[in-house]
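Chain by chain, the residues:
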Amino acid sequence: MHPIEVISLSKSYGDFPAVKELSFTVKEGEILGLVGPNGAGKTTTLRALAGIHPPTSGQIRIKGFDIREDGVDAKRHLAFFPDEPRLFDYLSVDEHMQFIGRLYSVPDFRSKVEPLLTEFDLQDKRKAMPAELSRGMKQKLMIACGFLHEPAVLIFDEPLTGLDPLGIRRMKESIARRAKEGASIILSSHLLHLVEELCHSVLVIQNGGSIAYGPIEDLKWRIAQGRGDVSFEEAFLRITSEEAATK
Amino acid sequence: MTGALAYVALMSMKNRILMSLRKLRNARYLISAIFGVAYLFMMFGRSFGRAGRVRIITAQSVGTDIMAGVIFLLLVAVWAWPSDDAGIAMSESEMQFLFSAPLRRRDILLYRFLRSQMALLISAVMTSIFASGSRNFIGMWFFFASLSLYMTMVQQLRARLRKMGIGFAIRLAAVIAVIGGSSWWLVRAGTFGTPVIRALLFLPRFFATASLGNMPLGLRLESMAVVAAFGVLCFFVSATVKVDFEEGSIALSQKKANAVTRQRNQQAGQWIAFKRLPPPFRLGDSGMPEIAIVWKNLIASLRIGMMPILIIFIAMTVVIGQSFFVPQVRETSNVFGGLMVMMCVLVPLIGSNVLSQDLRLDITRIEYLKTFPSSGERIVAAEIAAPLIVMSITELFFLGVTALFLNTRGAAGNIARFATPQTMVCIFIFTIPICALLTVMRNAAVLLFPAWIIRSKEEPRGFVVTGQRLVVALGNLIVLAVALIPAAIVFLPAILIANRFFSGSPGFLAVASLPPLAIIAGEVWIAVRWLGKYFDSFDASNELDRIMT
């Protein structure tokens, strides 16, 4: 059993199929990159994985719990980081952490808040309200909140948006560290160098369906077809344009 | 270039109308549109029906003179407006596209003028019908269009004056002098017919004649031509006066955007009045996780929703305080006592509307809420708990103060019956489930019709929105009435039994009120369960982007 198991996931908006028959797994300590052109169905997939959008068909298992049948148990092991941080305007940074600590029943959460705030450079902003934070800081707070209950499954949608260079480096280190500690991570991003740098495997989707899935090196090797090395960016562009041409 | 701008303005208008029409394919929008149109039709019908009998401005000449006087005041007063930024307020996308394009100021002003015409036409129709009960909306449209061009011109000229060293104080002094002088002249002459007053009202009179419905057609057409010519003149002055147009437009647009955001936040109850108010209690490490949601919403209630409650508290304190200083007359005590009893009764109705720190506040973060490790039922229950707690405390306070007042100030008659502890307890225990019922209903409306409750910034408002509000208000009333029927049915035998076996005893009210109370509480429980299930299966995919915009 893998921490993330997705079997024949489909999601439609009315008559429009946004995600079609997607299947993949993520092992412990693995980072899976979810990439695809705009409108490919990445965010829909992530939202379905996080239990936000009920799938039209198929199965999603988080640490063995079906997201539809045992949603509460599945969500206890999960943290979802949307591309746009939506914080509570009326809670300070510190209160956000307390709120999440209690919501996820984190034992002795107050002792875990300080290291996290330090990790994300928010230690001086404990009393600040979201309106007093920059876009990048809000993103950091959202991620610090998500890390508080030490989830086994982390789902990131464009995690580096709005971060400064130091923030980007720290975020990459944080993600890599969580994976080393055994977390299963899905990372969706248009930054292909980030995906290549951090991810062990990749799932390329287009028009809602999977067009490539596996270790990044395998994908590159497949595209190169023995004619020298290709970058991941090159491999991605070729595979998506080939798919578009066959449609 | 002008053609391209006219194209953008016209296409925006057309697409807006088409989008509204397309939405009507959705039954929820269609129903609200029907309600909205019916409502406006009723208003129009009443207005037209009234038009023949009553006219606000009946006597032609006096009406024209008075209206011309008002218009004169308006035309002069805008010179005293404190803002002296040049430019015009635009949306972010307009600034991005128009200011980077090779356009003259004249083109941008023309675009802006064309863009505003639909709104001005609707305003003209509404004003001509609601205010004067006439159908002269074309004249009213000319009036509004020309006035908007005049306002733009004055805005540019205020900025020009600042560049020349003439600031707000001098402008204000000049305006006071002109208005004061002309008023003095008018009062002294006692008629609008003196040459000076006639000269001052020369242009405003054309505006008045063009917009009034009871003028001869020829005179109206003539006035409309003059008003239009004046508008054209203002347009060209605005386009040529030397000011920092682009810079000023950016500043004005930013100000406008900030004001709109602030206003929306206030309307949505997201304006934080007391940012640094401490949490009501310390959140423990262990226990029910949903307490965190209650804690969060209590903080929101304190920081956002306390202002209206504080105002009521202050008003009540003033009423009680001053009653101690007036002679102890039974009638006075009865009046104050009656007012206080009324306030207690109004808490469920007003409270559930004012204290919206529940799903109504969190609907824009529903994605986040749905990731919480808790069932929908528990999340919904926790969400509504905080406003319910605040309402209960408020009600308890009001009842306590009312009982104290009624017992110490010697109220008599029907009012005195409220002074007994039994009645007060009975009101309190009835109020809470009714508050809960109303709060659940309002939260259900948010989940069932999220796009009706939270509208995006760009979404046009109109009769569909009017219809939506009517449907929601009507729905709330119907659900409340239906929900109270079983309790009312049970209440009758309960009161008979209580009267038969507990007449005159303190247990009378308890026996009479507990069965209906249990019914309402049961209904709340069923509603929360149902809403929780709905929350679990809630798929905001189709509504979400509009909510989040």
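Thresholds applied
- Residues numbered from 1 in each chain as written.
- Chains lettered and ligands numbered in written order.
- Predicted model: local features only at pLDDT ≥ 70, side-chain atom pairs only at ≥ 80, totals over all residues.
- Helix = DSSP H or I, 4+ residues; strand = E, 2+ residues; numbered from the N terminus.
- Rg over C-alpha atoms; globule rule 2.2 N^0.38 Å.
- Buried ≥ 20, exposed ≤ 12 C-beta atoms within 10 Å, placed from the backbone.
- Contact = placed C-beta atoms within 7 Å.
- Pairing = 2+ DSSP bridges.
- Axes fitted to C-alpha atoms, helices over the stretch in contact; angles between N-to-C directions.
- pLDDT = per-residue confidence, 0-100.
- Parallel < 35°, antiparallel > 145°, perpendicular 65-115°, else oblique.
- Left-handed = near helix turned anticlockwise from the far one by under 90°.
- Nonpolar A, V, L, I, M, F, W, Y, C, P; charged D, E, K, R; others polar.
- Expected span 1.5 Å × (residues − 1).
- Bend = angle between axes of the 7 residues up to and from the residue.
- Core = buried A, V, L, I, M, F, W, Y, C linked by C-beta atoms within 7 Å.

Enquirer: If you had to explain the overall build of chain A to someone new, which residues and values would you point to?
Expert: Broken down by element type, chain A carries 9 helices and 10 strands. The globule rule puts the C-alpha radius of gyration for 247 residues at 18 Å, and the 18 Å found for chain A is close to it. Dimensions of chain A, computed from C-alpha atoms along their principal axes, come out at roughly 55 × 40 × 30 Å. Within chain A, the fraction of its 247 residues that count as buried is 47%. The long-range share in chain A, meaning contacts at least 24 apart out of those at least 6 apart in sequence, stands at 67%.

Enquirer: Hey, could you go over the overall build of chain B for me, with residue numbers and the actual values?
Expert: Assigned secondary structure in chain B consists of 22 helices and 0 strands. A buried classification covers 33% of the 549 residues belonging to chain B. Considering only contacts within chain B whose residues lie at least 6 apart along the sequence, 83% involve residues at least 24 apart.

Enquirer: Can you lay out the sheet that holds strand β4 (residues 57-62) of chain A for me, pointing to particular residues and giving the numbers?
Expert: Residues and elements named next belong to chain A. Across the sheet, 4 strands lie side by side as β2-β1-β4-β5; this open sheet has antiparallel pairing. Only two strands of the sheet have a single partner each, and these edge strands are β2 (16-26) and β5 (65-66). Relative to β5, β4 runs antiparallel, the two being bridged by 2 bridges. Along β5, the bridge assignment pairs Ile 62 with Phe 65.

Enquirer: Tell me about the pairing of strand β3 (residues 31-35) of chain A, and name the residues and values.
Expert: All names here are of chain A. Summarising burial for β3: 5 of the 5 residues are buried, a large majority. Here β3 shows a buried face lined by Ile 31, Gly 33 and Val 35 and a second buried face lined by Leu 32 and Leu 34. With 4 bridges connecting them, β3 and strand β8 (residues 184-188) associate as parallel partners. Paired with Leu 32 across the bridge in β8 is Ile 186. Bridge analysis of β3 against strand β9 (residues 201-206) gives 4 bridges, and the strand direction is parallel. When the sheet's bridge partners are listed, Leu 32 is paired in β9 with Ser 201.

Enquirer: How would you summarise the sheet that holds strand β6 (residues 78-81) of chain A if you had to cite specific residues and measurements?
Expert: Two strands in a sheet stick together by hydrogen bonds in their backbones, pointing the same way (parallel) or opposite ways (antiparallel). Residues and elements named next belong to chain A. Spatially, 6 strands are ordered β6-β7-β8-β3-β9-β10 in an open sheet, and the strand pairing comes out mixed. Edge positions in the open sheet fall to β6 and β10 (209-215), since each of these has one partner strand only. With strand direction ignored, the average angle separating the axes of adjacent strands in the sheet is 15 degrees.

Enquirer: Provide a residue-level description of the confidence of the model for chain A, including the pertinent values.
Expert: Model confidence for chain A is summarised by a mean pLDDT of 90, while 98% of its residues fall at 70 or above. Mean pLDDT across the elements of chain A ranges from a minimum in helix α9 (residues 232-246) of chain A, with 81, to a maximum in β8 of chain A, with 95.

Enquirer: I'd like a rundown of the packing of helix α7 (residues 137-163) of chain B against helix α11 (residues 217-240) of chain B, residues and numbers included.
Expert: Residue and element names in this part refer to chain B. Viewed as axis vectors pointing N to C, α7 and α11 meet at an angle of 25 degrees, and their least axial separation amounts to 8 Å. Relative to α11, the element α7 is oriented roughly parallel. Seen along the crossing, α7 lies across α11 with a hand that is left-handed. Listed contacts from α11 to Gly 139, Phe 142, Phe 143, Ala 145, Ser 146, Leu 149, Tyr 150, Thr 152, Met 153 and Gln 156 of α7 are Arg 220, Met 224, Val 227, Ala 228, Phe 230, Gly 231, Cys 234, Phe 235, Val 237 and Ser 238. Of the residues assigned to the contact of α7 with α11, the class counts are 13 nonpolar, 6 polar and 1 charged.

Enquirer: Outline helix α17 (residues 376-408) of chain B, supporting the account with residue identities and numerical values.
Expert: Relative to the 48 Å expected for 33 residues at 1.5 Å per residue, α17 of chain B spans 48 Å between its end C-alpha atoms, a close match to the ideal helical length. Considering bend angle alone, the principal kink of α17 of chain B is centred on Ala 385 of chain B and spans about 30 degrees; proline Pro 387 of chain B follows within four residues of it.

Enquirer: So what's going on with the nonpolar core? Residues and values would help.
Expert: Counting residues in each nonpolar core, the largest one holds 135 residues, and the members touching the most others are Ala 144, Ile 155 and Ile 186 of chain A. No other element matches α17 of chain B, which puts 15 residues into this core. When neighbours within four sequence positions are excluded, Ala 144 of chain A is seen to be in contact with Met 97, Leu 116, Leu 117, Phe 120 and Leu 122 of chain A. Ranked by size, the runner-up nonpolar core spans 33 residues in total, among them Met 67, Phe 137, Phe 143 and Met 153 of chain B.

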